[in-house]
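Here is what each chain is made of, one letter per residue.
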Amino acid sequence: MTTLGDLKDSVRAMAHAADARVSVDIQAGEMKLNIGPQHPATHGVLRLVVELDGEMVKSVKPVIGYMHRGYEKLLEVRSYPQATALINRVDWVSGFCNEIPFILGAEALMGIEPPPRATYLRTLLCELQRIASHLVFFSAYPLEVGAMTPMFHAFRERERVLDVLESVTGGRFHPNFNRVGGLFKDIPATFRKECSEAMEAVRKVCQDLEDLILGNEIFLERTVGIGVLPAEVALDYGVSGPNLRASGVAQDIRKISPYLAYDQVSFEVPIGENGDCFDRARMRLLETIESAYIVDQLLDSLPSGPVMAKVPKVIKIPEGEIYSKGENPRGEMGYYIVSRGGNNPYRVKIRSASFSNIACVEYLLLGVFVPDIIAILGSLDFVLGDVDR
Amino acid sequence: MAKISRPSGEVMQLPPAATELDAEAIASRLEEGLGDGLIETVINHGQVTARVIPDFWVNAARFVKTDEQLTCTFFSWLSAIHWIEEAFPEGEVQAREDNSEVQSELPTDPTESDSGSGNTSDDVQESDANSTVSEFAPYPSTHVPGTYEQPRGRLFQLVMQVSAPASSVSVLLKTELPETDARISTLTDVFAGANWHERECHEMFGIVFDGHPDLSKLYLPEDFEGHPLLKSFSLGARLVKPWPGNIDVEEIPPEIEARLDAEFATGTSTTATADDGDEGGDSE
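Attention shifts here to the overall build of chain B. Within chain B, the secondary structure is distributed over 9 helices and 7 strands. In chain B, buried positions account for 46% of the 284 residues. If you take every contact in chain B between residues at least 6 apart in sequence, the share linking residues at least 24 apart comes to 62%.

Shown next as structure tokens:
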């Protein structure tokens, strides 16, 4: 009679034989694999042309541009108030954060100081947007490496944060709420209550996500030590945001050159150690918790007063050039605005985080196995609108 | 901060931390290190801009990257600006004539208007015909060293931004290239990230980067003709129907203007619903 032990032994023997066969008999030829542009793991329309040697990636060529909308050209024929409607859509997961550097740059060129209440509210809404954006990551990424449950938790609370944003700005995705000189209008009376309740929910869901994902054995197997991005390489490619911080570089524009009211609140910038997929995911969870603390502090210290400075009826920006940058959920988002006077910019260069973040896949994907392509791509948390502009 | 520990793994080597420099210190360090390659340094809104001669472009990038004081190893972006006489694209100028004092300051060149107005027969630019040809020099330099001859007329300005990791030290590098035969050495040997930015710059402006590994199109289809970010490249939508352009600069009715002025003067706004009233109720 065959015992369980015998069965296990025979299975092992078969596995061993199979291993031997793989290494001896099968000649894995070279193969070109086309991933995307329509592939769920590419978050939109990224295309990868991968050359495989067996299961191993030999070379990779990312093809972008399927989402190119020519915003830099379009901005040259838009007035400054019209521009926010476009730049909202550069990175559609964090529309409000996109507006900030552009508006701050325009204000600096005009010499307008927004009222303190507007500055605080901008900071607050930025952080709400950051939380919403990171929660999208925590629904998409576990899904890509094989866990479905976190999506329901993360999306539920993200919807709640978006409701708060909507109650203020009127838009879930594209707030279009900033004006040169301040904000379109003040927050509604119910905002404080809804916002602090939402932050409680966010803290709870962060705990849930930590329990569900970051301790999960399968998730660890898929992410720890996978896609290690050394700090020097990350800097060379211009990788920024949580992806860079996961590699151990404490670069957060909110800290190193504070804008808005970030010098008025206390928060920590989480720094990774290994720069692998796990660290990149961990950074985002820690940042979400920090953002919730920032929101709480800002709610307590919100100054009173108007939300709009006195600005000319027609926004005309004197001649000048400025590079204005801010910390988007995905990294450094900046606008190089060149004005030659008049109502619209002469040239706007949009420095988007995802563009540089995705450029480094040429390095990251070399020598990895096919399933890891998905794990690495997902961990970079790019938005194709942000890549292509 | 919440404690989320990570499983075992190697701790990676970090690049050395940059010394914090203020804008003046960065500018003087650049003047020291770039020497004859430098045209000038400008501090603008706290941002240091260094203009270098094109032949020195790669060396300048290498200097700001490897210099032990600047340590600008973070490659942020690279792009270009196309400087032409008109401050606004064609079709835009006409609509703004009443409202903008600025557009008429720079003289226009009638010989250069073949690309835009030739296609837009209904968009007659009377101001073009009356203007005189003049030397267009958007970036005159005060002290040009050596034998370097500054390009005159329409030109491209190549702009690159780098910064030191985890530090507020950052530098904008600029160089000017003539509009015809715009060509410069590639930065891909210095910064790997320059690869895609230069490809973008090539397809958008037509600037050639010598030594670049692959200058194929990044965004546009392979058979796309033209360079979209050139000022002579008109937006298709505007050719079909010119943008009226004065919607935003419409006169505000006097009674509304008076009300707005009163609101700004008193610092109140009728549209805002300040939450100061319910502050006491919320805090408990």
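Attention now goes to the overall build of chain A. From N to C terminus, chain A includes 16 helices and 8 strands. Relative to the globule expectation of 21 Å for 389 residues, the C-alpha radius of gyration of chain A, 23 Å, shows essentially globular dimensions. Taking all 389 residues of chain A together, 64% fall into the buried category. Carbon and sulfur atoms make up 57% of the accessible area of chain A, which totals about 13300 Å². Positive and negative side-chain charges of chain A, numbering 41 and 50 respectively, have mean locations separated by a distance of 8 Å.

The subject of this paragraph is the sheet that holds strand β3 (residues 56–63) of chain A. Residue and element names in this part refer to chain A. Reading across from one edge, β1-β2-β3 is the order of the 3 strands in this open sheet, with antiparallel pairing throughout. Among the strands making up the open sheet, the edge pair consists of β1 (30–35) and β3. For this sheet, the mean inter-axis angle between neighbouring strands, taken without regard to orientation, is 20°. Looking at chain direction, strand β2 (residues 47–53) and β3 are connected through 7 bridges and run antiparallel. Pairing of E51 across the sheet is with S59, part of β3. Docked against the sheet, helix α15 (residues 370–380) engages β1, β2 and β3, running at close to 145° with respect to β2.

Here we come to the packing of helix α5 (residues 116–144) of chain A against helix α6 (residues 149–169) of chain A. Residues and elements named next belong to chain A. In the contact formed by α5 and α6, the axes pass within 9 Å of each other and the chain directions differ by 155°. Between α5 and α6, the angle falls in the class roughly antiparallel. Here the hand of the crossing between α5 and α6 comes out left-handed. Of α6, the residues touching α5 (which contributes L125, L128, Q129, I131, A132, L135, V136, F138, S139, P142 and L143) are P150, M151, A154, F155, E157, R158, V161, L162, V164, L165, V168 and T169. Its residues placed into classes, the contact of α5 with α6 shows 18 nonpolar, 3 polar and 2 charged.

A few words now on helix α12 (residues 277–300) of chain A. One turn of the α-helix equals 3.6 residues, which is why residues spaced by three or four share an orientation. A rise of 1.5 Å per residue sets the reference length of α12(A), with its 24 residues, at 34 Å; its end C-alpha atoms lie 36 Å apart and thus fit the reference within 8%. Of all 24 residues in α12(A), 21 are buried; the element is thus mostly enclosed.

Right, let's talk about the packing of helix α1 (residues 23–34) of chain B against helix α2 (residues 57–66) of chain B for a bit. Residue and element names in this part refer to chain B. Two elements in contact, α1 and α2, have axes separated by 11 Å at closest approach and are oriented at 125°. Comparing the axis directions of α1 and α2 gives the class oblique. Relative to α2, α1 is oriented so that their crossing is right-handed. Contacts from R29, L30, G33 and L34 in α1 reach A60, F63 and V64 in α2. Grouping the amino acids of the contact of α1 with α2 by side-chain chemistry returns 5 nonpolar, 1 polar and 1 charged.

So, about a nonpolar patch on the surface. Residue and element names in this part refer to chain A. Among the surface-exposed residues, L143, M148 and F152 lie close enough to one another that they form a single nonpolar patch of about 300 Å² accessible area. The topology assignment puts M148 in the loop between α5 and α6. For M148, a relative accessible area of 51% puts it in the exposed group.

What follows concerns the sheet that holds strand β6 (residues 320–328) of chain A. Residues and elements named next belong to chain A. Within the open sheet, the 3 strands sit side by side as β6-β7-β8. Their pairing is antiparallel. Two strands lie at the open edges of the sheet, namely β6 and β8 (347–351), each paired on one side alone. Taken pair by pair, the neighbouring strands of this sheet meet at an average axis angle of 10°, ignoring direction. The pairing of β6 with strand β7 (residues 331–339) spans 9 bridges and is antiparallel. Across the sheet, K325 pairs through a bridge with G334, a residue of β7.

Bringing the pairing of β2(A) into the picture now. Residue and element names in this part refer to chain A. In this structure, β1 lies alongside β2, joined through 6 bridges in antiparallel fashion. The partner of K32 across the bridge, within β2, is E51. Adjacent in sequence and paired antiparallel, β2 and β3 are bridged by 2 residues, among which G54 carries a positive phi angle near 70°.

Residue and element names in this part refer to chain A. If you check α6, its first and last C-alpha atoms are 30 Å apart, about what 21 residues at 1.5 Å a residue would give, namely 30 Å. When α6 is considered as a whole, its buried residues turn out to be P150, A154, E157, R158, V161, L162, V164, L165, V168 and T169. Down the axis of α6, the buried set is contained in an arc of 150°. They therefore lie on one face. Looking at the buried side of α6, the elements it contacts are α5 and α7 (191–214).

Moving on, we come to the pattern of salt bridges. Residues and elements named next belong to chain A. Counted by the stated rule, this structure contains 32 salt bridges over all chains. The salt bridge partner of R117 is D186, with a shortest N-O separation of 2.9 Å. Highlighted residues: R117 in helix α5 and D186 in the loop between β5 (182–183) and α7, separated in sequence by 69 residues. In this pair, the class of R117 matches that of D186, namely buried. With a closest N to O distance of 3.7 Å, D381 and R330 form a salt bridge. Of this pair, D381 sits in the loop between α15 and α16 (384–388) while R330 sits in the loop between β6 and β7, and the two are 51 residues apart along the sequence. The exposure class assigned to D381 is buried, which follows from its relative accessible area of 4%.

The rules behind the values
- Residues numbered from 1 in each chain as written.
- Chains lettered and ligands numbered in written order.
- Predicted model: local features only at pLDDT ≥ 70, side-chain atom pairs only at ≥ 80, totals over all residues.
- Heavy atoms only, no water.
- Helix = DSSP H or I, 4+ residues; strand = E, 2+ residues; numbered from the N terminus.
- Buried < 20%, exposed > 50% of the residue type's maximum accessible area, 1.4 Å probe, protein only.
- Contact = heavy atoms within 4.5 Å.
- Rg over C-alpha atoms; globule rule 2.2 N^0.38 Å.
- Areas by Shrake-Rupley, 256 points an atom, 1.4 Å probe, with all protein chains shown as cover.
- Lys, Arg positive; Asp, Glu negative; His and termini not counted.
- Charge placed at Lys NZ, Arg CZ, Asp CG, Glu CD.
- Pairing = 2+ DSSP bridges.
- Axes fitted to C-alpha atoms, helices over the stretch in contact; angles between N-to-C directions.
- Parallel < 35°, antiparallel > 145°, perpendicular 65-115°, else oblique.
- Left-handed = near helix turned anticlockwise from the far one by under 90°.
- Nonpolar A, V, L, I, M, F, W, Y, C, P; charged D, E, K, R; others polar.
- Expected span 1.5 Å × (residues − 1).
- Patch = residues over 30% accessible without salt bridge, like charges linked within 9 Å, V, L, I, M, F, W, Y side chains within 5 Å.
- Salt bridge = Lys/Arg side-chain N within 4 Å of Asp/Glu carboxyl O.
- Arc of directions from axis to C-beta.

So far we have only geometry, and geometry alone does not tell us how the molecule works.
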